[in-house]
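Reading the structure
Listed below are the residues making up each chain.
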Amino acid sequence: MIPYGRQHIDDADVQAVLDVLRSDFLTQGPAVPRFEAAVAQATGGAHVVAFNSATSALHAACIALGLGPGDWLWTTPNTFVASANCGLYCGARVDFVDIDPRTYCMDAGALERKLEATPSVRRPKIVVPVHFGGCPCDMVEIRGLAERFGFRTIEDASHAIGASYRGRPIGDCSWSDVCVFSYHPVKIVTTGEGGTASTRDPEIAWRMQTLRTHGITREPERMTRPSPGAWYYEQLELGFNYRMTDIHAALGASQVAKVERFVQRRTDLAARYDELLDSLPVRRPCVGADRTSAWHLYVVRLAGRDRVFERMRAAGIGVNVHYIPVHLQPHYRALGFREGDFPEAERYAQEALSLPLFFDLTESEQDQIATALAEALG
Ligand SMILES: *Cc1c(COP(=O)(O)O)cnc(C)c1O
């Protein structure tokens, strides 16, 4: 079976992990700040905080931006459940904004209409746009709405390390408060499990750092009383153990050094899919002229998706569906969401098929996938 995604691990990655295993620190050592610096360098982030997953990073970012009971978080239904769950973790309520039928990202026009139609007490404190498939959202429009309606923005850039928007790298937070990357092995750069949160605001960065380690600080100037000695620490608020280990971070630093090469290969493969599928009755992905995708996913839209999915799987092609709309998950239905709430996302989810796309996918495998797709459609 050709998988839909797969990590690329080279000898340097293996060596980086071995070096940590033989070093003094498996966790809370120097590899984590080194990884954070490497991510900052690769993506233009001012302050980067590593976590044991992107889910943890989203949760800490929500707390750091003040989300709590009585607040609202809005995101897109076309995402992994984590983009919405981070709001529920904080005791906030979650709502969704329908997708743009061309990019499958949150529709900035729909966001504006929904904000205008929502009484101010029910407007969101946080909006989480997701750069779906690696293609950046309309961040300038979303930033304009954030200023007009007073919400904070967390980019869920789990798919988008190495992407750019209006000439700036995703991760420099030009139009957001926090930007989160995931390093799960199906994503572009991997640490095994892991995530980071980037921000320009040193206070938000400090708060996220504290939250990832139980809410504890060892900085005397942050303490509520004079520090009696170097052994002393204070827990200032209720945090978590969301730390990344040095083992994961060393792998990440070695991986993120290759992000440009990873994204270039994915871009070439995506362009090749565009050519191979040109004559088939499928809709190919669309990336705006003012942005570049990191090509986490190559999604085609087609009629009769369920039948094509089965035929492709039977032919040994690990196609997938991204995503079942979050509001239709049983946990969210129980909160009151229904079929028909977000029709563009629901229509899209009936027609979407993710084709295999990863660094080591070969041209001949790609030819095989295109042929299988043509047959499955026939
Ligand atoms: C993978 C993913 C996450 C969660 O990432 P983890 O690192 O597995 O916690 C969140 N949002 C989106 C859009 C994702 O694709």
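Refer to the structure presented above.
In short, a report on the structure. Small disclaimer: the values here were computed from a predicted structure and weren't measured.

**Considerations on the packing of helix α9 (residues 259-276) against helix α13 (residues 363-377)**
One can describe the packing of α9 onto α13 by two numbers: an axis separation of 11 Å at closest approach and a directional angle of 35 degrees. In this structure, α9 meets α13 at a crossing whose hand is right-handed. Across from R265, L269, R272, Y273 and L276 in α9, the residues of α13 making contact are E363, Q366, D367, I369 and A370. Its residues placed into classes, the contact of α9 with α13 shows five nonpolar, one polar and four charged.

**Side note on the sheet that holds strand β1 (residues 47-51)**
Here we have seven strands laid out as an open sheet, ordered β1-β9-β8-β5-β4-β2-β3, and mixed in their pairing. The sheet is open, and its two edges are formed by β1 and β3 (93-96), each paired on a single side. Across the sheet, the axes of successive neighbouring strands diverge by a mean angle of 20 degrees, strand direction being ignored. Where helix α5 (residues 108-117) meets the sheet, it contacts β2 (72-75), β3 and β4 (126-128), and its direction lies at approximately 155 degrees from that of β2.

**Observations regarding the pattern of salt bridges**
In this structure the tally under the stated criterion is 25 salt bridges. Of the charged contacts in the structure, one is a salt bridge between R222 and E219, with a shortest N-O distance of 4.0 Å. On the accessibility criterion, E219 (30% relative accessible area) is partly exposed. With a closest N to O distance of 3.3 Å, E344 and R347 form a salt bridge. Of this pair, E344 and R347 are both found in helix α12 (residues 343-351), three residues apart, which corresponds to roughly one turn of the helix. For R347, a relative accessible area of 42% translates into the label partly exposed.

**Considerations on the nonpolar core**
The tendency in soluble globular proteins is for nonpolar side chains to be buried as a group. Grouped together as the largest cluster of nonpolar side chains are 94 residues, with contacts concentrated most on L111, F151, I154, V178 and M208. At eight residues, helix α3 (residues 54-64) tops the list of elements feeding residues into this core. Apart from residues lying up to four places away in sequence, V178 is in contact with A61, L65, T153, I154, E155, C173, A197, S198, T199, I204 and M208.

**Notes on the pairing of strand β5 (residues 152-156)**
Of all the five residues making up β5, four are buried; the element is thus mostly covered by neighbouring parts of the structure. Bridge count for β4 against β5 is two bridges, and the pairing is parallel. Looking at β5, one finds that I126 is bridged to R152. Read from β4 through helix α6 (residues 139-149) to β5, the crossover connection turns out right-handed. Where β5 and strand β8 (residues 178-182) come together, three bridges link them in parallel fashion. What sits directly across from D156, in β8, is V180.

**Topic: the sheet that holds strand β7 (residues 168-169)**
Strand order in the open sheet formed by three strands is β7-β6-β12, with antiparallel pairing between adjacent strands. Among the strands making up the open sheet, the edge pair consists of β7 and β12 (291-292). The sheet contact formed by strand β6 (residues 164-165) and β7 spans two bridges and is antiparallel. Note on β7: the bridge partner recorded for S164 is P169.

About the cut-offs
- Residues numbered from 1 in each chain as written.
- Predicted model: local features only at pLDDT ≥ 70, side-chain atom pairs only at ≥ 80, totals over all residues.
- Heavy atoms only, no water.
- Axes fitted to C-alpha atoms, helices over the stretch in contact; angles between N-to-C directions.
- Helix = DSSP H or I, 4+ residues; strand = E, 2+ residues; numbered from the N terminus.
- Left-handed = near helix turned anticlockwise from the far one by under 90°.
- Contact = heavy atoms within 4.5 Å.
- Nonpolar A, V, L, I, M, F, W, Y, C, P; charged D, E, K, R; others polar.
- Pairing = 2+ DSSP bridges.
- Salt bridge = Lys/Arg side-chain N within 4 Å of Asp/Glu carboxyl O.
- Buried < 20%, exposed > 50% of the residue type's maximum accessible area, 1.4 Å probe, protein only.
- Core = buried A, V, L, I, M, F, W, Y, C linked by side-chain atoms within 4.5 Å.
- Right-handed = clockwise from strand over helix to strand, strands pointing away.

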